[in-house]
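Fold and geometry: a report
Chain residues, written in single-letter form:
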Amino acid sequence: MKNLKDKLNDALVKKAMGYSVEESVCEYGMCNDELKLIKKKISKKYYPPDLSAINLLIGSVNKSDFETMTDEELEQEKNRLLKLLKENENGDNKE
């Protein structure tokens, strides 16, 4: 299970990179004393990259953080970032 710091970082990266969301609106009505679905509209909304999130990410990448990391920690961070980039690329290809 991810800790809060990882979840917040993932959300910040998502906002900085831009993302799409599917929204649905359902309209119900009465038919023969039953509630039935009359209309369902699904739309895709795109949220563009956010400059504030980008600036915050750039500011959070502090050189001294990496200087104090061990080789093993640096390798883990590299793998995490590569995985995140791959997930973002796969998300862009689905649109």
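What this report covers is the structure whose coordinates are included nearby. Model, not experiment: these values are computed from the prediction.

Along the backbone of the protein there are four helices and two strands. Mapped from its N terminus to its C terminus, the protein presents α and β elements in the order α-β-β-α-α-α. Restricting the contact set of the protein to residue pairs at least 6 apart, pairs at least 24 apart contribute 54%.

Oppositely charged side chains may form a pair once their charged atoms are brought near each other. All chains considered together, the criterion is met by two salt bridges. Where Glu 75 meets Lys 78, a salt bridge forms, and the shortest distance between an N and an O atom there is 3.5 Å. Of this pair, Glu 75 and Lys 78 both sit in helix α4 (residues 71-94), three residues apart, which is roughly one turn of that helix. Using a relative accessible area of 38% as the deciding quantity, one classes Glu 75 as partly exposed. In this structure Lys 78 comes out as partly exposed when scored by relative accessible area, which is 42%. The residue Glu 77 makes a salt bridge to Arg 80 at a minimum N-O spacing of 2.8 Å. Within this pair, Glu 77 and its partner Arg 80 are both found in helix α4, separated by three residues, close to a single helical turn. Accessibility expressed as a relative area gives 19% for Glu 77, which makes it buried.

Now for the environment of Ala 11. Within the secondary structure layout, Ala 11 lies in helix α1 (residues 4-17). Here the alpha-carbon distance between Ala 11 and Ala 53, two residues 42 residues apart in the chain, equals 9.6 Å.

Remark: α1 packs on helix α2 (residues 51-60), axes separated minimally by 8 Å, with the N-to-C direction vectors making an angle of 130°. Considering their axes alone, α1 and α2 lie oblique with respect to each other. Between α1 and α2 the crossing geometry is left-handed. Between α1 and α2, the residues in contact are Asn 9, Leu 12, Val 13, Lys 15 and Ala 16 and Ala 53, Ile 54, Leu 56 and Leu 57, respectively. Taken together, the residues that form the contact of α1 with α2 break down as seven nonpolar, one polar and one charged.

Attention now goes to the packing of aromatic side chains. Scanning the model with the defined rule gives one aromatic pair in all. Geometrically, the ring pair formed by Tyr 19 and Tyr 47 is stacked, given 5.1 Å between the ring centres and 25° between the ring planes. On the criterion of sequence distance, the pair formed by Tyr 19 in strand β1 (residues 19-31) and Tyr 47 in strand β2 (residues 34-47) is long-range, its members being 28 residues apart. Tyr 47 sits in the partly exposed class, given a relative accessible area of 27%. The ring centre of Tyr 19 lies 4.7 Å from the NZ or CZ of Lys 14, which sits over that ring.

Scoring rules and cut-offs
- Residues numbered from 1 in each chain as written.
- Predicted model: local features only at pLDDT ≥ 70, side-chain atom pairs only at ≥ 80, totals over all residues.
- Heavy atoms only, no water.
- Helix = DSSP H or I, 4+ residues; strand = E, 2+ residues; numbered from the N terminus.
- Contact = heavy atoms within 4.5 Å.
- Salt bridge = Lys/Arg side-chain N within 4 Å of Asp/Glu carboxyl O.
- Buried < 20%, exposed > 50% of the residue type's maximum accessible area, 1.4 Å probe, protein only.
- Axes fitted to C-alpha atoms, helices over the stretch in contact; angles between N-to-C directions.
- Parallel < 35°, antiparallel > 145°, perpendicular 65-115°, else oblique.
- Left-handed = near helix turned anticlockwise from the far one by under 90°.
- Nonpolar A, V, L, I, M, F, W, Y, C, P; charged D, E, K, R; others polar.
- Phe/Tyr/Trp six-rings, centres within 6.5 Å; stacked < 30°, edge-to-face > 60°.
- Lys NZ or Arg CZ within 6 Å of the ring centre and 35° of its normal.

By themselves, these observations are geometric and do not establish any function.
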